[in-house]
Amino acid sequence: QAQTTFAIKFELTMPKMVAMDGILRDSKADLPPEQAPTPKTATLSLGDENGRRREKAPPRKFSNDIQELLEIGGDEEADMQERLMLLETSVMKNAEILQAMRRANRNLENTVRKEEKNDEQRTKMLLQQFSTKAVEKDLRTLSDDVYSFLFCSKICSVPSWIGMGTVFIQFAVFALFLGDLLNTNEIPANVETMVRVGQAGAILINFMAQTDVRTSLRALLYQEGVEEIEDNFDGFTRTRYLVGNVLMLIQGLLGTVVSIQLIVYSDNIFDLLLNFTAVMFVSELDELVFYMARNAYLGVKAEKLAEEIQNCEFDSQNRKGVSGYMHVILFAILVIAGYVYFAIIIALQVENTTLPEYVKAEFGDAVNPTLGLYSGCYMMKAGSDWSARVTYEQVQTERGQGRFTYCYGDIRSWTFSPLKIAEEDACGLPTLRSDEERPTSYDLLDAKGDQWKLDSGNPIQSFQLVEIEEDRVAEECGEEFGGADREEELCPILIMDQSFEGFSDDRDWSRSYNEMLVDGKSVYFYQHPIYVGEYMDEKEGLELIFFTGRRWLSTTAKGLLTEADIEGGVDLTSEAEMLSLLRDKTDVTDFRLLSLEPGAYAFISEAVDQANDRGTPLGLRWYHSRYGGSDANFPFADISRPADALFSCGKCDSEGNPCRFEGVCLADGTCDCKHGATGKLCEIKPLGDGICHPFFNKGPDDFDGGDCCVSTCQGVSCGVGDMTEAFGQELRRSGNGFPHCKDPEMVPLTITMNHTIDRGFYAGFLEDSDGGTFESYFVEVSCHGGDEIPLRVALDPEHPKKASQTLYVADQMDACEISFLGIQSTSLFNATFQLIDGYPEDAEGVVVASAEMRDISNVTKDAAFTIPTLYAKCLKETLKDVVDTSTYYSGTYQDEAMEWMNEEIRDGRCSNDQEWRIQRYALVALWRAEGSPVEWVNKNDQCLWSRINCKDNFPVVITHDGDTTGRLNGTLATEIGLLTHLERLDVFTNDLTGTLPTELGLLTKLTFLGYAENAHTGTIPTEVGQLKALEELMLWHNFLTGSIPSEVGLLSNLGQINLQENYLSGGLPSELGALTKLTRLTLHTNSLSGSLPAEIGLMTSLTNVVMTGNWLSGPIPDLSKLTGLDTLIMYTNDLTGSLPSSITKLPNLYTLNLSTNKFSGSIPDEWAELTSLYWMIMNKNQLTGTLPEFLGTAGPNLSRLVLDSNQLVGSIPDSFANLSNMARLRLQNNLLTGELKPEVMAGWTSMGQLHLSTNQFVGTLPSEIGLLSSMDYFEANDNNLSGKIPEELWTVTNMWALYLQNNQFSGSIPTEIGLLSNIEDLDLSGNNLTGSIPSEIALMPNLIWFQILQGNSFTGTIPQEVCAVLTANQATSDVMDLCASGASIGPAPIEAVEPVEPEPIEPAPVEPAAP
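These remarks concern the structure in this document. This structure is a prediction, so every number in the text was calculated from the model and none was measured. (Residues numbered from 1 in each chain as written. Predicted model: local features only at pLDDT ≥ 70, side-chain atom pairs only at ≥ 80, totals over all residues. Heavy atoms only, no water.)

Considerations on the state of the cysteines
And step 1. With the rule as written, the count across this model stands at 10 disulfides.
And step 2. Across the disulfide from cysteine 692 sits cysteine 708; the S-S distance is 1.9 Å. Taking the sign of the S-S torsion, about 90° here, the bridge from cysteine 692 to cysteine 708 comes out right-handed. With cysteine 692 in the loop between strand E27 (671-672) and helix H19 (702-705) and cysteine 708 in the loop between H19 and strand E28 (723-726), this residue pair connects regions lying 16 residues apart in the sequence. As far as burial versus exposure is concerned, cysteine 692 and cysteine 708 are alike and both buried. (Disulfide = S-S within 2.5 Å. Helix = DSSP H or I, 4+ residues; strand = E, 2+ residues; numbered from the N terminus. Buried < 20%, exposed > 50% of the residue type's maximum accessible area, 1.4 Å probe, protein only.)

Below, the structure is given as structure tokens:
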């Protein structure tokens, strides 16, 4: 009951029936009258968990309560009440049943709305189920898989896509399985009996599990229930029904085929189970997806369709006869076909059809060289019964006899052993064994990837197995040698190829080997000839080369002897005894190998197999031998020590093996050699014998071993007699030289010569003054003291014409000289010559890559002249595009640089990096031109030289500070333009002269160009405009002239220009306005003239402008756009007009200096906006008006205000009391009036220098002067100040200068004046002071200017201590005469001349002298 779902619905008024499976049908519309329920009758139907009816299910028995409910009938009201009471009792008994009823009731209502068809059929089914006499029928249902989705769902619905996707996956997986199986074709050679039994059972299980095949066959043959299905599913069509079942059938057949293939391909039980399980999983995928859909994993629509498919039942068609069992017959045929295929596979395995008939084995011999004999082809040999394993035996037993055998028992793997070991013993005494067990495989090729080991356990190397097709056996396995009956004659003579050194160890070895002959007949060892060397050492005996079955070995006769052989007195020089010795030590029954003592073999060849064995060691590589251990008696090739040896055949053959180098092969197989060649095949070249052979004068032969060139030839006969023509003359007797030199490593040296004779003498021999004859004279070029003589010829003096001779000498030839010898008459002969590094002029008179080295005239007697060291060819080639050949050997700085680099190449090598070499030359030339110390240029990489910084191995920075590292006094070389990677060039504070080269324009990466504080002259090159990356141009403090080039305006990245302290003239180019990134423009102390271009106002990045000390005129243009400007210094020019109001737009202006110009008018009130102003210097102009009030209110940061030497009027404004930061105030030489207000002066607490002289101030000097404690300079002379000098003044002890002369001060000088201990200048003259001069003035130790007497009325004498200080300081004072005389102070002379007050110099803020 727990698995039974109940659904009950009561209709008291409507004649309805309740179905327990969720289906409600109209009772009156479809049932016959006798079975129609009354309106008050409740009907109930039951179903299983999935709502599906079981076929032929008997009537169900219910609980007593429900059974009573079903049996009650009638129309009376009492019956209905009784039913309700019974129902209530049943519901109360089981709460879980009640809940299930409610859920079923809701599902029932939803289903009623959907199901309007087939009411009659479902009603009948309902009645049959509850009838006590159930109708026995064979009912069938649709298959529970996604193939039902294909024809029951609507097209393009979710269930249809699920079905199609699942089918596609199944087909794709099976196709991949099948394709892989067909491609691999890996049917096992045989399997064990248990595996075959398992395969037979697996095939049967596979057919039994393939429900898809059986179901689809029945559906396609009988098409049962098509009408019922069509009525239940809206999307159903017969075509889709057929297609779905056909796909199910194909899928089932594919699964069956793949399963059988995997089963027969399996060679063990584990693989069998694994493969079978995998295929069955894919086959059941359609049922798995249907299950997921039924349980709502794939959505509501798929769930409902799956439920409907499960509930759909239809009658089975019970056909009679054969037609009713057609699907069984077809399925049985499929089963029989599967077992027939299985039987065919078994037959193929028994007949060994799947096994390769021939295999080729290749054994490595690095561990055990004896295995090399068994490399070759092996043929399959079938076993004695149907289940026996096959073996493989070697085909060519002349090389070795081996067998591959599979072993049963504990080993269960393949082994290898010699044929001499019986097959039944092969597993117990194997030579090799595969380390991987293969219990079910007969195929030897399965073990080709295994690790094979010796019986000692050591693994072998390079073991290979491949299958050989039968028609390629002869080609792959090679031909067998037949001893003396072979058709092809083998090479009888081995010679060492001349390009190889040959065998070499602690003794000399032969280079030629002849075939061994015994009794006139060739002898063979392992079907291969034995070769005997032409060289024989008495102690070592014959040199032998013979074959061992795998490799060729080289040894001496002594190496083959044992102690017994030595005691037996074996003749080491007898070929017959050596042959006997070899045969005696050959174990024919075992491995057919030599059992020799360790160390017997000196050299061993590379491995030989049947395919590449030519019967001789021709063309094989050789190695030194090495033995694997103390007990090893056979060597192996030590590939880490190759021997430089290669043999070729020494018997000539005009077609197959001709003589070398145009030699002629004679009938007896010997060669008639040409061109000095020697050897059996003329293979020995005559190289390096001191004689030039033109045939071998080419690169591959090293130009006859160097015999054709002077610097490479060795021997006393080098070049002797080779010259027959020189300087355009046919020589009367041959001279010495190298006319055939072609070595490209040599370089040309040309001698151009002309000689004259006295034409008054007749042709022929010339008679000199001593009665002798002047037949010829010699021209000789010799090097290294005569060790090398490139040229020595005797020339005829009767051929007075200009001619040249080109010699080919060593690169960088040095220590050479040219000599003229045998000149017997100075009155008859005069010669001139030139030495040219390169070739002479060509036919058109053009010098080809040459440079004149020496030019000598008036050679009238024997003389010798030194030839300079030749420049290296690679150096000239590298620098040919950057160095003018006219500078070669010229003594210029370029020549010095070339010489230094030439010596560097001589000590090392010429770099292949051309750009690196050019950069190095440029630096050396630059250093030599500048006059740098010699040690600055050394053999290290230039990036390690001083003054240089590199990036990516190229110089990017060159600097030099002459004050710290020594001043340079040369010039700037034009080669600076070759350093194209330079980014910074800063050579300052030196004594460099000359002009700035135009090549600076080539430094397009340069960001900083600085040659400040030098002595360069000339103009600034216009090519500077090409330096697009330049950011700073620093050429100040030189002697540059001319104008500023307008091309500077092209330098858009320029941030700073400093050209101060030069002799530049002309106007400022308007193109400067394009420099929108320029921040600092410094041009002071030049001779620039003209007006300021308006374009300066466009240089919006400017922060500093300094143009002091020029002849600039006119007004200042509009600068309102230069909002970042903080310094404007234009003093000492001829600027005119009113002060520009545009600078009020410069909020950052910090320093303003327009002094010593011709500005007029008043200070603009708009300047009140300059709140950042720190210095305002406007003195020595023609300014008028009063002091602006805003100077005291708008400029609280103002520290220096300089307005002296103008025409300003009025008093000092009260707002000046706010100038608490004022450090220097200069108002002298104006027309200012009024009193000095105490409250104003009290605010100047930071005052350092106060200049109020030469004005019209009146009143007293305020005592607040004492508050200016930081003041060190004060002048108020030439005013109308009166009263006493305030005592507070004497407390300002930092003062070094005090000028109060020419006022109306009165009273005496107090002793506190001595507090001014730092005072140097003190002038109180021209006042009304009285009393005595206090001695405390002597407390001023630095006093050098002291004026006090004039205009005052002092009494007494000058204190001696005061006189002593003044005398010691050599001071200028009007009391010195009184000090000298000691007289009392009298009235001051009326004619006394007032000393001129030295006006303090106002330092103007300018740019620093150096950046």
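Right, picking up where we left off after that structure.
Focus: the pattern of salt bridges
And step 1. By the definition in use, this model includes 21 salt bridges.
And step 2. Of the charged contacts, one joins arginine 917 and glutamate 904 as a salt bridge, the two residues approaching to 3.2 Å between their closest N and O atoms. Of this pair, arginine 917 sits in helix H22 (residues 914-930) while glutamate 904 sits in helix H21 (residues 893-907); the two residues are 13 residues apart in sequence, bridging distant segments of the chain. Like glutamate 904, arginine 917 is buried.
And step 3. It is possible to trace a salt-bridge network through shared partners that takes in Lys381, Glu393 and Arg403. (Salt bridge = Lys/Arg side-chain N within 4 Å of Asp/Glu carboxyl O.)

A look at helix H12 (residues 269-283)
And step 1. Over its 15 residues, H12 runs 21 Å from end to end, which matches the ideal 21 Å to within 8%, given 1.5 Å per residue.
And step 2. Turning to H12, its buried residues number three or more, namely Leu272, Phe276, Val279, Met280, Val282 and Ser283. Down the axis, H12 shows its buried residues gathered within 160° of arc, on one side only. With respect to the buried face of H12, the exposed residues turned more than 90 degrees away are Phe270, Leu273, Thr277 and Phe281. (Expected span 1.5 Å × (residues − 1). Arc of directions from axis to C-beta.)

As for the nonpolar core
And step 1. Counting residues in each nonpolar core, the largest one holds 195 residues, and the members touching the most others are Leu985, Trp1244 and Phe1274.
And step 2. Here this core gets 9 residues from one element, more than from any other, and that element is H22.
And step 3. Counting 23 residues, the second-largest nonpolar core is a separate cluster that includes Leu371, Tyr392, Tyr406 and Leu444. (Core = buried A, V, L, I, M, F, W, Y, C linked by side-chain atoms within 4.5 Å.)

Remarks on the sheet that holds strand E8 (residues 402-406)
And step 1. Spatial ordering of the open sheet is given by E11-E10-E9-E8-E7-E6-E5-E12, a layout of 8 strands whose pairing is antiparallel. Two strands close off the open sheet at either side, each with one partner strand: strand E11 (452-454) and strand E12 (464-468). For this sheet, the mean angle separating the axes of adjacent strands, direction not counted, is 25°.
And step 2. Note that E8 and strand E9 (residues 414-418) share 5 bridges and pair antiparallel. Opposite threonine 405, over in E9, you have threonine 415 as the bridge partner. (Pairing = 2+ DSSP bridges. Axes fitted to C-alpha atoms, helices over the stretch in contact; angles between N-to-C directions.)

Topic: the packing of aromatic side chains
And step 1. Scanning the model with the defined rule gives 30 aromatic pairs in all.
And step 2. With a centroid separation of 6.4 Å and an interplanar angle of 70°, the aromatic rings of phenylalanine 661 and phenylalanine 695 are classed as edge-to-face. With phenylalanine 661 in the loop between strand E25 (647-649) and strand E26 (664-665) and phenylalanine 695 in the loop between E27 and H19, the pair connects residues that are 34 residues apart, well separated along the chain.
And step 3. Each residue in the set Phe503, Trp509, Tyr513, Phe603, Trp622 and Phe647 is aromatic and connected to the rest through ring pairs, giving one cluster. (Phe/Tyr/Trp six-rings, centres within 6.5 Å; stacked < 30°, edge-to-face > 60°.)

A look at the sheet that holds strand E14 (residues 512-515)
And step 1. Reading across the sheet, the 9 strands line up as E24-E23-E22-E21-E20-E19-E14-E13-E25 and stay open at both edges, with antiparallel pairing between neighbours. If you trace the sheet from one side to the other, it starts and ends with strand E24 (636-643) and E25, each paired once. The sheet shows a mean angle of 30° between the axes of neighbouring strands, direction not considered.
And step 2. Bridge count between E14 and strand E19 (residues 531-533): 3 bridges; the pairing is antiparallel. Across the sheet, asparagine 514 pairs through a bridge with valine 532, a residue of E19.

Considering the packing of helix H11 (residues 238-265) against helix H15 (residues 326-350)
And step 1. One can describe the packing of H11 onto H15 by two numbers: an axis separation of 11 Å at closest approach and a directional angle of 25°. Taken together, H11 and H15 sit at an angle that is classed as roughly parallel. In the crossing of H11 with H15, the sense of the turn from one axis to the other is right-handed. For the pair H11 and H15, the contacting residues are Leu253, Ile260, Gln261 and Val264 in the first and Leu334, Gly338, Tyr341, Phe342 and Ile345 in the second. (Parallel < 35°, antiparallel > 145°, perpendicular 65-115°, else oblique. Left-handed = near helix turned anticlockwise from the far one by under 90°. Contact = heavy atoms within 4.5 Å.)

Thoughts on the side chain of aspartate 707
And step 1. Relative to the assigned elements, aspartate 707 resides in the loop between H19 and E28.
And step 2. Buried charge without a partner: aspartate 707 forms no salt bridge, and the closest opposite charge is lysine 685, 12 Å away.
And step 3. Within the structure, the side chain of aspartate 707 is placed 2.9 Å from the backbone nitrogen of glycine 688, a separation counted as a polar contact.
And step 4. Ignoring sequence-local partners within four residues, the contact set of aspartate 707 consists of Pro686, Leu687, Gly688, Asp689, Gly690, Ile691, Cys692, Cys713 and Phe738. (Lys, Arg positive; Asp, Glu negative; His and termini not counted. Polar contact = N/O pair within 3.5 Å; in protein donor to acceptor, adjacent residues only side chain to side chain.)

What is shown is where atoms sit, not what they do.
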